[in-house]
Amino acid sequence: MLQITLPDGTLCEFDQPLSVSELASSIGLGLARAAVAGRVNGTLVDCAFVIRHNARVGIVTAREPEGLEILRRSCALLLAMAIKQLHARASILAGSVVGDGFYCEFSHARALLPEDLRLIEARMYALALANHSIRHVLALYELDNCATVGTGPHAPSTRALSAFSLAHVNGSARQRIYGVCWTDQQELDAWRAPQQAMVISVDERQIEFTQSVTDALRRAGVRANSDVRNEKIADKIRQHRSQAVPYLLVVGEREAAGDFVSLRSGEGEDLGQMNIDAACERLRGNTLAREGATP
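In spatial order, the strands read E8-E9-E14-E13; together these four strands make up an open sheet with antiparallel pairing. Each end of this open sheet is capped by a strand with a single partner; those strands are strand E8 (91–98) and strand E13 (164–171). Strand after strand, the sheet turns through a mean of 20° between neighbouring axes, direction not considered. Contacting E8, strand E9 (101–107), E13 and strand E14 (174–181), helix H3 (residues 65–86) runs over the sheet at an angle of about 30° to E9.

Listed below in C-alpha cells is the structure:
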C-alpha cells in the first residue's frame, strides 16, 4: 500500500504507484488543471513524475513563486519552438528564466528586428492553444522539434502558458529575445501599465539583486519593473528616460555588494545612494503624493 501525506497532514492510500498529475486529479479536477509540478519530499518534480514510495507530496500551481518560475522556464522553450518554426535555419543556443520572464538566445543569418516580435509572439500563442505536451526524456525536455538540456521541471503542456509577451530583441550574430510571463492576463496588464520606477542592472551579475530590489518596491506599493537585459547600461537608461519613467534605480556590483541603490529621476537628476528600505519609503511617499493619497 502506497501512503502519501499531503501538506495539510491528510494521509492518502493507493494500491499502486501514481503520477503527480494522477494524485492531483484524485484530490480535485480544479487542482489537476492548475498543477504545473509536484513537490515530493521537498524536491520539485514534473507532473509526470511517478510516486513509487511513501512520501510527503504537495501539488505546485502557478500561484506559487516556484510555479510561476516553471511557467517562465516553459515559455523560453515555447519561444524556441516558435523561432524554429518561423526561422528554420536559426540555431537555438540557450534559454532561461530571467527577471519577470525569460529569454531565448539563438543565432540567425539575419538579425531579427523589433517588428519581428509580433509574429513570433502570435505563433507562441497559437502553439500554446494547441496544447502541446512538454516531455522529459532523460536529460532533455522536448516540445515538438525543440529540445533543451537544463533543470526542470516544466509545465506539463503549453496550455498552462496563457499570459506572456515578447518585449525586446538585441544582438546580431548571437541574438536574444526577452519576454515576460505571468500567471494571468490581469498580472500581465499590470506589468504593461506605466511604471513609477525601473530597476536597471549594469550587467548580468546583478540580476538576482536587481529583482530583489524590484520585489521590495512592489511590496511597498510602488509600481516597479526591472530591466536585466544584457545591454549597455547607458542604452537602457536612455530608453527608460525616453519613456518618461519617473525614477530609475541603477544597480551595479558596488550597489549589490553594499546592499544599496543609486537613485536617479527620470529627468536625469542624481538623487544619491540609499539603502533599499529608504528607497522604498521615498518612492512610496512620492507615489502617494502624485496620486493624491495619504501615506
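Given a rise of 1.5 Å per residue, 13 residues ought to cover 18 Å, and the 18 Å separating the end C-alpha atoms of helix H6 (residues 207–219) matches this to within 8%. By the burial criterion, the buried members of H6 are Ile207, Phe209, Thr210, Gln211, Val213, Thr214, Ala216 and Leu217.

Attention now moves to the confidence of the model for the chain. Here the chain averages 92 in pLDDT, while 93% of its residues score no lower than 70. When mean pLDDT is taken per element in the chain, strand E7 (residues 55–61) scores highest with 98 and strand E12 (residues 146–149) scores lowest with 58.

So, about helix H7 (residues 233–242). All buried positions along H7 are accounted for by Lys236, Ile237 and His240. All buried residues of H7 fall inside an arc of 95° around its axis, so they share one side. Along H7, the residues that are exposed and aim more than 90 degrees away from the buried face are Arg238 and Ser242. Once H7 ends, the next one or two residues include Ala244, with phi positive near 60°.

Conventions adopted
Residues numbered from 1 in each chain as written. Predicted model: local features only at pLDDT ≥ 70, side-chain atom pairs only at ≥ 80, totals over all residues. Heavy atoms only, no water. Pairing = 2+ DSSP bridges. Helix = DSSP H or I, 4+ residues; strand = E, 2+ residues; numbered from the N terminus. Axes fitted to C-alpha atoms, helices over the stretch in contact; angles between N-to-C directions. Contact = heavy atoms within 4.5 Å. Expected span 1.5 Å × (residues − 1). Buried < 20%, exposed > 50% of the residue type's maximum accessible area, 1.4 Å probe, protein only. pLDDT = per-residue confidence, 0-100. Arc of directions from axis to C-beta.

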